[in-house]
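Here are the chains, one letter per residue:
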Amino acid sequence: MDWSARLDKQMADYLPDVNLLKEEPMAKHTSFRVGGPAKRMAFPEKREQLVLLLSMAEECGARPLVIGNGTNLLAPDEGLDRLVIETGGLSRLDFGEEPDSLVAESGVSLARLADFACKQGLKGLEFAHGIPGTVGGGVCMNAGAYGGELKQVVTGVSALFPEDGVKFLTGEELAFGYRRSFLTEHPEAVVLYAAFRLSPGEPEAIRETMRDLLARRKASQPLEQPSAGSTFKRPEGHFAGTLIDRCGLKGRAVGGAQVSEKHAGFVINRGGATCADIKELIRQVREIVLEKTGVRLEPEVKFVS
């Protein structure tokens, strides 16, 4: 009996209310819209279900992959022999115990979090309104835009560590850096929820800032086409998009993958792209930029296997 059959039986016995799909296309769950079938995909709606699922995965010999909106992932064309756990159902969002604080589960979208804060007259998350990810992925990689980063507002995170159980890490313990945190160094950890400290503000002024940032994003980024956002991390002293543009790579394509003509920092799926197309285009861009500028671009996109 392979791991999937063992998992099916355990879930039928202990988690019958959790939706479990077989051979579910990853293309339906990633913003690139590429990726073959995941052998099993589960959709917990409570933290306790997520914790039990991860325990079951270990017992059954499955390799779990926990995802949010799949906005920073590139999944392989051949699919995944894994249990993919999609956290969108972990969507509780409420006030924290401290003044001007919020607590959000890992599946809450950053857009919803920012919108909720705005309605409560709390500022500090305006930059996050246009970021397409979720709280879980956002705190792991210290998501940011337009001068704002989650490290400025996150006071702590509750995460499950396979060997140590559930631990609460303070903002200081999270050791946030540019597109990294303590959690990126410990990919086995799974975020359950995060706490945020904001500051009072006028809802309409907050909303206007959010509108302005979203308009800037729409004007400069190819939001109308599937992508994983910025394909590369910002190299020290440079901007990835500027380097790629100067190397004459705007519009370069491999199959259905293309360097966006609107913003060279984005690789897009212009239609029918495969994972192989995107990986090859990323490889070519990195090679040419290194050859012409001496700058080594590091992907911000996470390749899963």
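Here, every reference points to the structure presented above.
A brief structural summary. (Residues numbered from 1 in each chain as written. Predicted model: local features only at pLDDT ≥ 70, side-chain atom pairs only at ≥ 80, totals over all residues. Heavy atoms only, no water.)

The next thing to look at is the pattern of salt bridges. Counted by the stated rule, this structure contains 20 salt bridges. The closest approach of N and O atoms between E280 and R283, which form a salt bridge, is 2.8 Å. Of the two residues, E280 and R283 are both situated in helix α7 (residues 275–293); the distance of three residues between them amounts to about one turn of the helix. A relative accessible area of 27% places E280 in the partly exposed class. Among the ionic pairs, E298 bridges to R286, the shortest N-O distance being 3.6 Å. Taken together, the residues E298 in the loop between α7 and β18 (302–303) and R286 in helix α7 connect sequence positions twelve residues apart. Salt bridges sharing partners connect three or more residues here, namely D2, K39 and D81. (Salt bridge = Lys/Arg side-chain N within 4 Å of Asp/Glu carboxyl O. Helix = DSSP H or I, 4+ residues; strand = E, 2+ residues; numbered from the N terminus. Buried < 20%, exposed > 50% of the residue type's maximum accessible area, 1.4 Å probe, protein only.)

Hydrogen bonds between backbone atoms are what pair the strands of a sheet, whose relative direction is either parallel or antiparallel. Overall, antiparallel pairing links the three strands, which are arranged β15-β16-β17 in an open sheet. A single partner strand is all that each edge strand has here, and the edge strands are β15 (253–254) and β17 (267–269). (Pairing = 2+ DSSP bridges.)

This part takes up the nonpolar core. As a rule of thumb, nonpolar side chains are buried together in soluble globular proteins. Core analysis: the largest hydrophobic core is formed by 37 residues, its most contacted members being L113, L150 and L183. For this core, the leading source of residues is helix α3 (residues 110–119), giving six residues. Residues in contact with L113, not counting those within four places in the same chain, are L93, L102, A104, V108, L125, V135 and F196. Of all hydrophobic cores here, the second largest spans 26 residues; its members include V259, V267, A273 and C275. (Core = buried A, V, L, I, M, F, W, Y, C linked by side-chain atoms within 4.5 Å. Contact = heavy atoms within 4.5 Å.)

Here the focus is unusual backbone geometry. One non-glycine residue, R33, adopts positive backbone phi at about 60°. Position of R33 relative to the elements: it lies in the loop between β1 (19–25) and β2 (37–43). Residue classification places R33 among the partly exposed residues on the basis of a relative accessible area of 47%. For D100, which is not a glycine, the phi torsion comes out positive at approximately 60°. One can find D100 in the loop between β6 (93–95) and β7 (101–105). The exposure class of D100 is partly exposed, given its relative accessible area of 30%.

Take it as geometry only, folks, not as evidence of what the structure does.
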